[in-house]
Amino acid sequence: MKKLKNKFDKIYDAEADDGEKKDFYQQQKEELQSYVDNTRNEMSELADINYRWSGEYVKVVIEDMPYEFMQGFNPALPVVVGGISNEEGLSLINLRIKRHRWYPKILKTGDPIVISVGWRRFQTIPTYFMNDRIKNRMLKYTPEHMHCSAAIYGPYIPPGTGFCAYFLKRMHSFGIAATGTVLENSQSIDIVKKLKLTGYPDKIHKNTAYIKKMFNSPLEVAKFEGASVKTVSGIRGQVKKAAGNAGMFRATFEDKIKISDIVFLRALHTIPIKKFYNPITSLISVTYMRSIAEIRRSKNMAVPNKQDSHYKPITRVAKHFNPLVVPKSLQADLPFKSKPKIIKTDSTTRAVVMDEHDKKVSDLIGKINLLYKDKSKKKREKDTKQRSEYKLKRQAEEAEADSRRKKKRKTFFRKEGQHQRGGNSGSKD
């Protein structure tokens, strides 16, 4: 009966108010109020359901609370009770992040960090990367003054939400390490890094070679079948099939390679994102993951010193190539200019000893050449000096001409302005 009465009252009131003109705002307000009234009337019939309207104050009683929480509770820091149903699941989150300008150090991939977004705070392990429109390239450290992307594991967060990141153990004067925005929630984010493998030729047969010490098993070779390889000298090739059980494989090249060449294989290795999510629900007793640097610092452990990671001086032996030998069958077809010339020399020729007349002639020619060189040198110096003096003279003349042009232009415009002012005053009179 109440439903029919409400419907009748609504229709009757609408017919009675047809004569009154209402603006759009009032109409929308009345429709919203009618919706609220109908909802309250419907809920009033369901007396067995214990519900509360939004905006009402409620009292929540939580039993078996720990003593430490009651001892350190601060009423100025309220405790949020509740949650959002569509944000309870966990997934990979793509972030756009930038180191805070006041934080003194850059951030490292793999160091646990606390993300504060909305009313959530949780610790996670980020993987920083940069998108170059083709792939997501992993970064070991964040850029100093640029944005980059980060992949973390956590609860669903609406795209466009801002966040800040900090470390639980404060090491510097400024606490906020980074800020950024949530880009998307995804089930998979492919992040890759460079992988450079080296191998050495074992057997060479024309354009085919057997490469060793690049892989350890035929299974690894099977993963890279068809991959491109390249030697130090720039000869390109391709991985074909495994040969043997020690990781040796057969490869073909554009040209015959040498036994002293080094073969490179450049590839991309996919980095798995660490799925670590540690929610921080209390500031009193927080169990958090420490970084590798903190663990080493607490145990007084030194940083591992790998000798293979040190830079070493590169010493390369200079290669001596054999001279070019043209077969006799091809020499006949070559033009005369390209044919090898054999110049016969007489090793028994003796040195020529000049007599007195030849010595005088040679001495005279030497003196004449010396005088000619000295005269030519003086002439060049004189020409250089004259050119520099002429250049300075032209610069002075240009400067003087510019000053005259400026003065003439200034006089012309002054007279023109006086003439225009006189014409305007005459027209006013």
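Everything in this summary refers to the structure shown in the same document. (Residues numbered from 1 in each chain as written. Predicted model: local features only at pLDDT ≥ 70, side-chain atom pairs only at ≥ 80, totals over all residues. Heavy atoms only, no water.)

## Quick notes on the layout of surface pockets
Thought 1: Looking at the largest pocket, its volume works out to about 1000 Å³.
Thought 2: If you go around the largest pocket, you meet 38 residues; those closest to its centre are Lys108, Asp111, Phe167, Ser291 and Ala293.
Thought 3: Of all elements in the fold, only strand S2 (113–117) and helix H5 (292–299) reach the threshold of two or more residues within the lining of the largest pocket.
Thought 4: Sort the elements by how many residues they give to the lining of the largest pocket and H5 lands first, with five residues.
Thought 5: For the lining of the largest pocket, the class distribution of residues is 21 nonpolar, seven polar and ten charged. (1 Å grid on protein atoms, 1.4 Å probe; cavity = no way out; pocket = protein on both sides within 12 Å on 5 of 7 lines; lining within 4 Å. Points joined across faces, edges and corners; volume = space filled by probe spheres on them. Helix = DSSP H or I, 4+ residues; strand = E, 2+ residues; numbered from the N terminus. Nonpolar A, V, L, I, M, F, W, Y, C, P; charged D, E, K, R; others polar.)

## Things to note about the pattern of salt bridges
Thought 1: Counting across every chain of the model gives ten salt bridges.
Thought 2: A salt bridge links Glu225 to Lys241, with the shortest nitrogen-to-oxygen separation between them at 3.9 Å. Linking Glu225 in the loop between helix H4 (218–223) and strand S11 (228–231) with Lys241 in strand S12 (residues 236–242), this pair joins segments that are 16 residues apart in sequence.
Thought 3: Judged by relative accessible area, which is 37%, Glu225 ranks as partly exposed. (Salt bridge = Lys/Arg side-chain N within 4 Å of Asp/Glu carboxyl O. Buried < 20%, exposed > 50% of the residue type's maximum accessible area, 1.4 Å probe, protein only.)

## What about a positive patch on the surface?
Thought 1: There is a patch of like positive charges on the surface, built from Lys105, Lys169, Arg290, Arg297 and Lys299.
Thought 2: Tracing the chain through its elements places Lys169 in the loop between strand S7 (162–166) and strand S8 (176–186).
Thought 3: Given the relative accessible area of 45%, Lys169 is considered partly exposed. (Patch = residues over 30% accessible without salt bridge, like charges linked within 9 Å, V, L, I, M, F, W, Y side chains within 5 Å. Areas by Shrake-Rupley, 256 points an atom, 1.4 Å probe, with all protein chains shown as cover. Lys, Arg positive; Asp, Glu negative; His and termini not counted. Charge placed at Lys NZ, Arg CZ, Asp CG, Glu CD.)

## Considering the environment of Lys241
Thought 1: We classify Lys241 as partly exposed; its relative accessible area is 47%.
Thought 2: Discounting residues that sit within four places of it in the chain, Lys241 has contacts with Val221, Glu225, Phe249 and Arg250. (Contact = heavy atoms within 4.5 Å.)

## Re the nonpolar core
Thought 1: Formed by 20 residues in total, the largest nonpolar core has its most connected members in Leu95, Ile97, Leu107, Ile113, Ile115, Tyr128 and Phe163.
Thought 2: Every element with two or more residues in this core is listed here: strand S1 (90–99), S2, strand S6 (148–155), S7 and S8.
Thought 3: Setting aside chain neighbours within four positions, we find Ile115 in contact with Arg120, Arg121, Phe122, Thr124, Ile152, Phe163, Cys164 and Ala165.
Thought 4: In this structure, Ala209, Ala251, Val263 and Leu265 belong to the second largest nonpolar core, which totals 16 residues. (Core = buried A, V, L, I, M, F, W, Y, C linked by side-chain atoms within 4.5 Å.)

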